Amino acid sequence: QVQLVESGGGLVQAGGSLRLSCAASGRTFSNKTMAWFRRAPGKQRELVAGITSGGLTNYADSVKGRFTISRDNAKNTVYLQMNSLKPEDTAVYYCAAATTQWVWGQGTQVTVSS
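Parameters and conventions
- Residues numbered from 1 in each chain as written.
- Predicted model: local features only at pLDDT ≥ 70, side-chain atom pairs only at ≥ 80, totals over all residues.
- Heavy atoms only, no water.
- Salt bridge = Lys/Arg side-chain N within 4 Å of Asp/Glu carboxyl O.
- Helix = DSSP H or I, 4+ residues; strand = E, 2+ residues; numbered from the N terminus.
- Buried < 20%, exposed > 50% of the residue type's maximum accessible area, 1.4 Å probe, protein only.
- Polar contact = N/O pair within 3.5 Å; in protein donor to acceptor, adjacent residues only side chain to side chain.
- Phe/Tyr/Trp six-rings, centres within 6.5 Å; stacked < 30°, edge-to-face > 60°.
- Lys NZ or Arg CZ within 6 Å of the ring centre and 35° of its normal.

Using the criterion set out here, one finds four salt bridges in the structure. Between Asp89 and Arg66 there is a salt bridge whose closest N-O contact spans 2.7 Å. With Asp89 in the loop between strand S8 (77–82) and strand S9 (91–98) and Arg66 in the loop between strand S6 (57–59) and strand S7 (67–72), this residue pair connects regions lying 23 residues apart in the sequence. The structure contains a network of salt bridges with shared partners spanning Arg38, Glu46, Arg66 and Asp89.

As C-alpha cells, then:
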C-alpha cells in the first residue's frame, strides 16, 4: 500500500511562490500516475495537476503557466512548484497516487494573502 506525506505548504503573499513535496513509500512509485488536488473553503476537491509514470503532465486551466508538476523517481517524490500565486489558490492541497483507486495524503494548507 502506498503512503503519501505532503510538505511545503504555508502562508505567502500574492505573487509569491511555494513548492510542495509529496514523499511516497512503496517500491512501485515509479510506475504510478501521481497528482495534486486541492479543496478550497466551501468548494469541492479539484484536480490541479497530474503526471504519468512516463512524465506526461496535465493541468487545470486555472493554474496553467503558473504551476509545474514534476517527479523524482529516485527519491519517490512528486513536487508542485507554484508561482505567481493568487488568493484564489488558497486551499488544502492533497497529493494522490493512482492505484486501483486514488490513495491520498493528509493534505497541506496553502494560504495566499492579498
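We now examine the side chain of Asp89. With a relative accessible area of 0%, Asp89 lands in the buried category. Only 2.7 Å separates the side chain of Asp89 from the side chain of Arg66, close enough to count as a polar contact. Within the structure, Asp89 has its side chain in polar contact with the backbone nitrogen of Lys86 (distance 2.8 Å).

This brings us to the packing of aromatic side chains. Taken as a whole, this structure holds four aromatic pairs when the rule is applied. Here the aromatic rings of Phe37 and Trp102 are separated by 5.2 Å at their centres, their planes lie at 80°, and the arrangement is edge-to-face. With a gap of 65 residues between them, Phe37 in strand S4 (residues 34–39) and Trp102 in strand S10 (residues 102–104) connect regions that are remote in the sequence. Considering the side-chain rings of Trp102 and Trp104, the 6.3 Å spacing of their centres and the 40° angle between planes classify their relative orientation as tilted. In textbook terms, an aromatic cluster arises when at least three aromatic residues are bridged by ring pairs, as seen for Phe37, Tyr94, Trp102 and Trp104. Note that Arg45 overlies the ring of Trp104, its terminal NZ or CZ placed 3.7 Å from the centroid. The ring centre of Phe29 lies 4.7 Å from the NZ or CZ of Arg71, which sits over that ring.

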